[in-house]
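Given next are the chains, with one letter for each unit.
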Amino acid sequence: MNYIQTGEIVAVHGIRGEVKVYPWADYPEFLEEFDTFFIQANKMHYKAMYAEEVRCHKNMVLIKFEGIDTVEQAREFIGKVIYLDRDEIELEEGTYFIEDLIGCAVINDETDAVLGTVKDVNNFGASDVYTIVDANEKEFMFPAVDEFLVSTDIDKKEIRIKVIEGMFSED
C-alpha cells in the first residue's frame, strides 16, 4: 500500500475514547468519507485503525476507533500522524496531493526557463500559495490561481506558469 499523511491526532474528546484530529486536507469533511485509517507502527509497518464514527466538529475531525473506548487508551495516540491508503482517494480533476507538488520544476510557459522548484504549499485563505526556491536558494511566493497556472504534470514533475512583471524579481 501507498500511504499519505492526512492529519495529526492532537487531543482526546469526551470520555468514550474519541480522538480529535487536525486534518491536513482542503476541508475536514473529506475525512468523513473513510472508515479505515493507518498509524505508523514503525519505519516499515502501518497499523490499520477502523473507525466506528468519523465526524467534523468545528474545523477538526473527531474519530472513534474500534477498540479504543477510554480516555486513557485514546491519550496514547496524541501526537500520532494518521494516514490514508492513497489508492482509496479519488481527487477531483485539477487537484493534487501536496507531496506530489513539492519538488516539481516551475517553468515559465512563455520562455521555457526553469524558475525553481516547489518547496512548500500553504493556504492563507484565498488560494494555495506555492513557495518556490530558485537555483540561488532565493524563495518566492506564487499564488496558485487559474490566472497564472498554465498546466501541472505530476508525472513529469513540472508546473508551467504565466509570469507577470515583478513576480520573480528581487524588488
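Draft legend 1. Focus on the pattern of salt bridges. For the structure shown, the criterion picks out 12 salt bridges. Between R55 and E53 there is a salt bridge; the shortest N-O distance is 3.2 Å. Judged by relative accessible area, R55 falls into the partly exposed class, the value being 27%. Taking the shortest distance from any N to any O, the salt bridge between D112 and R160 comes out at 2.1 Å. Taken together, the positions of D112 in the loop between β7 (105-108) and β8 (114-123) and R160 in strand β12 (residues 158-161) put the pair 48 residues apart, joining distant regions of the chain. A residue is classified by how much of its surface remains accessible, and D112, at 51% relative accessible area, is exposed. Residues participating in the shared-partner salt-bridge network are R16, E18, E53 and R55.

Draft legend 2. Region of the structure containing the packing of aromatic side chains. Counted under the stated rule, the structure contains eight aromatic pairs. Taking the centre distance of 6.2 Å and the plane angle of 85° together, the rings of Y27 and F30 count as edge-to-face. The class of F30 is buried, set by a relative accessible area of 13%. An aromatic cluster is present here, built from Y3, F38, Y46 and Y83 joined pairwise through their rings. Above the plane of the ring of F140 lies K138, whose end atom (NZ or CZ) is 5.7 Å from the centre.

What counts, and at which threshold
Residues numbered from 1 in each chain as written. Predicted model: local features only at pLDDT ≥ 70, side-chain atom pairs only at ≥ 80, totals over all residues. Heavy atoms only, no water. Salt bridge = Lys/Arg side-chain N within 4 Å of Asp/Glu carboxyl O. Buried < 20%, exposed > 50% of the residue type's maximum accessible area, 1.4 Å probe, protein only. Helix = DSSP H or I, 4+ residues; strand = E, 2+ residues; numbered from the N terminus. Phe/Tyr/Trp six-rings, centres within 6.5 Å; stacked < 30°, edge-to-face > 60°. Lys NZ or Arg CZ within 6 Å of the ring centre and 35° of its normal.

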